[in-house]
Amino acid sequence: MAPQLDGFFSQVDSLSDHFIERLRKAVAIPSISAEEARRPDVVRMGNFLADELKALGAEVELRELGKQPHKEHLDLPPVVLARYGNDKSKRTILVYGHYDVQPADLSDGWNTKPFELTIDEKDRMLGRGSTDDKGPVLGWLNAIEAHQKAGVDFPVNLLMCFEGMEEYGSEGLEDLINAEGKKYFADADAVCISDNYWLGTEKPCLTYGLRGCNYYSIEVSGPGADLHSGVFGGTAQEPMTDLVRTMATLVDTNGKIQIPGIMEQVAPITADEETLYDEISFEMETLHEALGSKTTIFEDKKLTLMGRWRYPSLSIHGVEGGFSAPGAKTVIPAKVIGKFSIRTVPDMDIDKTNECVYKYVNEQFAKLGSKNTMKVFAQHTGKWWVASPSHWNFNAASKAVERVWNVKPDFTREGGSIPITITFEEATGKNVLLLPMGSSTDGAHSINEKLDKRNYIEGIKLLGAYLHYAAEEPTS
Ligand SMILES: C[C@H](N)C(=O)N[C@@H](Cc1c[nH]cn1)C(=O)O
Ligand SMILES: [Zn+2]
Ligand SMILES: [Zn+2]
């Protein structure tokens with residue numbers, strides 16, 4: 001029998017302004033994990049979540065993770081572990097999310113202040129972290145509160161794990177999950193993560209795969225200090241020149257990775273997979289809207305989806321130490337660090353990929369014949385993940401999508417990475433489902449990140465409905 005959800009749904013509608021205020025408070029905390037100076041704000045955000053959860057009656061622990069690797073002067077932010085309900089007759093669902101965000105500054109080109117939630121005329125809620133991942137994390141808290149205020153029994157025991165370093169490769173979390181897999185998380189019957197996006201703007205999806213991410217630095221140094229290019233230009237070998245020449249050999253304009261040994265690791269396409277892409281609702285026009293231009297590599301839907309889901313990609317992100325401000329400073333930087341990452345896919349191996357990258361970058365640098373010094377290293381790595389969606393956890397989520405959105409979801413893979421997903425699967429031995437709240441045009445990691453009010457409010461209903469169906473779904 002379909003669960004009684006009307007009381008819960010109408011309570012979510014009645015509390016919508018209150019839930020938006022909760023998101024406003026969360027967005028106002030600039031919890032940027034990649035910026036050292038923001039570490040106190042990341043901790044403040046963890047405390048904010050812990051306090052909100054305690055006020056809702058959850059049992060909460062703040063778990064410290066020690067020092068940040070390679071940055072020993074910095075404490076990692078705490079992991080918020082919480083339990084809501086401990087009824088042995090109910091299923092237990094473990095949910096994960098992250099409370100840290102990507103960097104954001106008005107000067108990057110935002111139309112509004114990134115840490116002030118701004119609701120525009122189209123009911124888009126703009127602000128850093130609105131969709132990635134503060135909106136979805138608060139979705140779980142809001143679902144609890146709406147049940148309480150509606151007087152509806154909460155259908156499951158909820159275990160929660162919210163971290164503050166996801167955007168920096170989930171530093172420190174893996175050990176905790178492995179240690180707690182059969183302790184704190186022992187009761188978990190299934191895992192649900194809400195931290196990715198629909199493929200388009202109208203059709204919800206359930207996600208069963210993620211790419212991994214190996215993030216690299218190439219450090220080139222030579223002169224003892226930054227130099228005057230009029231005095232030293234033409235006399236000193238320049239680190240920036242060596243760096244851009246090396247970086248330019250990594251990938252071509254159509255995204256073809258130039259490093260030998262990478263594509264060779266990619267799993268071949270199966271006959272089943274060949275047919276899968278035609279069924280997916282995905283329009284190139286929506287991709288162009290999300291991209292903000294028509295500069296796609298492919299014109300074709302299938303090749304585009306394959307390029308995002310099942311092939312690796314290499315992206316060049318930036319250069320630390322180079323001159324980047326407006327104006328015309330005539331400096332020769334003494335040391336520059338180029339950053340790039342490779343999104344990895346089945347059957348790529350992290351260590352083998354690292355070896356290929358190190359060998360290739362060293363060879364390319366050697367070809368320059370430079371007297372400068374070059375180091376290449378991986379800053380963080382995380383494995384790809386692909387699961388089976390034939391499981392009661394996915395069935396429950398599919399029914400919840402149909403109930404809330406009146407449409408059957410697409411089953412998708414995601415081009416992004418949530419490094420800890422595979423660790424949850426291995427440490428608990430349970431099925432992991434990705435249940436996104438936001439849509440493809442939300443601009444996660446970009447300027448003007450937003451979450452549509454509709455996706456937030458219906459998303460809260462979706463998370464709550466999923467828990468009801470998960471409580472009832474027969475084991476598969
Ligand atoms: C999909 C998720 N919301 C996300 O944005 N993940 C990040 C995580 C990351 C950062 N470094 C490596 N992985 C991403 O895909 O960039
Ligand atoms: Zn992110
Ligand atoms: Zn995220």
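In case you missed it, the structure is sitting above this.
Computed from a predicted structure; not experimentally measured.

Things to note about the packing of aromatic side chains
Applying the stated criterion to the full structure yields 10 aromatic pairs. Aromatic pair Tyr184 and Phe185: ring centres 5.7 Å apart, planes at 85°, arrangement edge-to-face. Site record: aromatic cluster; members linked through ring pairs are Tyr96, Tyr184, Phe185 and Phe424. The ring centre of Trp392 lies 3.7 Å from the NZ or CZ of Arg91, which sits over that ring. Over the aromatic face of Tyr311 sits the side chain of Arg310, whose NZ or CZ is 5.0 Å from the ring centroid.

Re the coordination of the zinc ion (ligand 3)
Protein-derived coordination of the zinc ion (ligand 3) comes from His98 (NE2), Asp132 (OD), Asp195 (OD) and Asp195 (OD), at a distance range of 2.0 to 2.7 Å. Here the donor residues of the zinc ion (ligand 3) are spaced in sequence according to H-x33-D-x62-D. Here the zinc ion (ligand 3) and the zinc ion (ligand 2) are spaced 3.4 Å apart, and both take Asp132 as a donor. Of this pair, His98 sits in strand E5 (residues 92-98) while Asp195 sits in the loop between strand E9 (190-193) and strand E10 (205-210), and the two are 97 residues apart along the sequence. In this structure Asp195 comes out as buried when scored by relative accessible area, which is 5%.

As for the pattern of salt bridges
As enumerated under the stated definition, the model contains 30 salt bridges in all. Residue Glu145 pairs with Arg22 through a salt bridge whose shortest N-O separation is 2.8 Å. With Glu145 in helix H4 (residues 130-150) and Arg22 in helix H2 (residues 16-27), this residue pair connects regions lying 123 residues apart in the sequence. Each member of the pair, Glu145 together with Arg22, is buried. Close ionic contact of Glu116 with Lys113 constitutes a salt bridge, the shortest N to O distance being 4.0 Å. In this structure Glu116 comes out as partly exposed when scored by relative accessible area, which is 45%.

Side note on the site of ligand 1
Taken together, the residues surrounding ligand 1 are Asp132, Glu166, Glu167, Asp195, Tyr197, Cys213, Arg343, His380, Gly416, Ser417, Ile418 and His445. Taking Asp132, its side chain carries an N or O atom lying 3.1 Å from a nitrogen atom of ligand 1. Measuring from a nitrogen atom of ligand 1, one finds a side-chain N or O atom of Asp195 at 2.8 Å. Considered on its own, ligand 1 offers 400 Å² of accessible surface; in the complex 94% of this is hidden by protein. Of the residues that constitute the shell around ligand 1, the class distribution is three nonpolar, four polar and five charged.

Here's the deal with helix H5 (residues 173-180)
Along an α-helix, residues three or four positions apart point the same way, because every turn accommodates 3.6 residues. Among all positions in H5, only Leu173, Leu176, Ile177 and Glu180 are buried. Projected down its long axis, H5 shows its buried positions confined to an angular sector of 95°, all on one face. Taken together, the buried residues of H5 touch strand E1 (59-63), strand E4 (79-84), E5, strand E8 (157-163) and helix H13 (421-428).

Quick notes on the environment of Thr330
Position of Thr330 relative to the elements: it lies in the loop between strand E13 (313-320) and strand E14 (331-332). By relative accessible area, Thr330 is classed as partly exposed at 48%. Sequence separation of Thr330 and Gly233 is 97 residues, and the distance between their C-alpha atoms is 9.8 Å. Leave out the neighbours within four places in its chain, and Thr330 touches Leu227, His228 and Ser229.

Some details on the packing of H2 against H4
The interhelical angle for the contact between H2 and H4, taken along N-to-C directions, is 140°, at an axis separation of 10 Å. The orientation of H2 relative to H4 falls into the category oblique. Here H2 and H4 pass one another in a crossing that is right-handed. On H4, the residues that touch His18, Phe19, Arg22, Leu23, Ala26 and Val27 of H2 are Ser130, Lys134, Gly135, Leu138, Leu141, Asn142, Glu145 and Ala146. In terms of residue class, the contact of H2 with H4 is made up of seven nonpolar, four polar and three charged.

What counts and how
- Residues numbered from 1 in each chain as written.
- Chains lettered and ligands numbered in written order.
- Predicted model: local features only at pLDDT ≥ 70, side-chain atom pairs only at ≥ 80, totals over all residues.
- Heavy atoms only, no water.
- Phe/Tyr/Trp six-rings, centres within 6.5 Å; stacked < 30°, edge-to-face > 60°.
- Lys NZ or Arg CZ within 6 Å of the ring centre and 35° of its normal.
- Donors = N, O, S within 2.8 Å, 3.2 Å for Na, K, Ca; no water.
- Helix = DSSP H or I, 4+ residues; strand = E, 2+ residues; numbered from the N terminus.
- Buried < 20%, exposed > 50% of the residue type's maximum accessible area, 1.4 Å probe, protein only.
- Salt bridge = Lys/Arg side-chain N within 4 Å of Asp/Glu carboxyl O.
- Near = heavy atom within 4 Å.
- Polar contact = N/O pair within 3.5 Å; in protein donor to acceptor, adjacent residues only side chain to side chain.
- Areas by Shrake-Rupley, 256 points an atom, 1.4 Å probe, with all protein chains shown as cover.
- Nonpolar A, V, L, I, M, F, W, Y, C, P; charged D, E, K, R; others polar.
- Arc of directions from axis to C-beta.
- Contact = heavy atoms within 4.5 Å.
- Axes fitted to C-alpha atoms, helices over the stretch in contact; angles between N-to-C directions.
- Parallel < 35°, antiparallel > 145°, perpendicular 65-115°, else oblique.
- Left-handed = near helix turned anticlockwise from the far one by under 90°.

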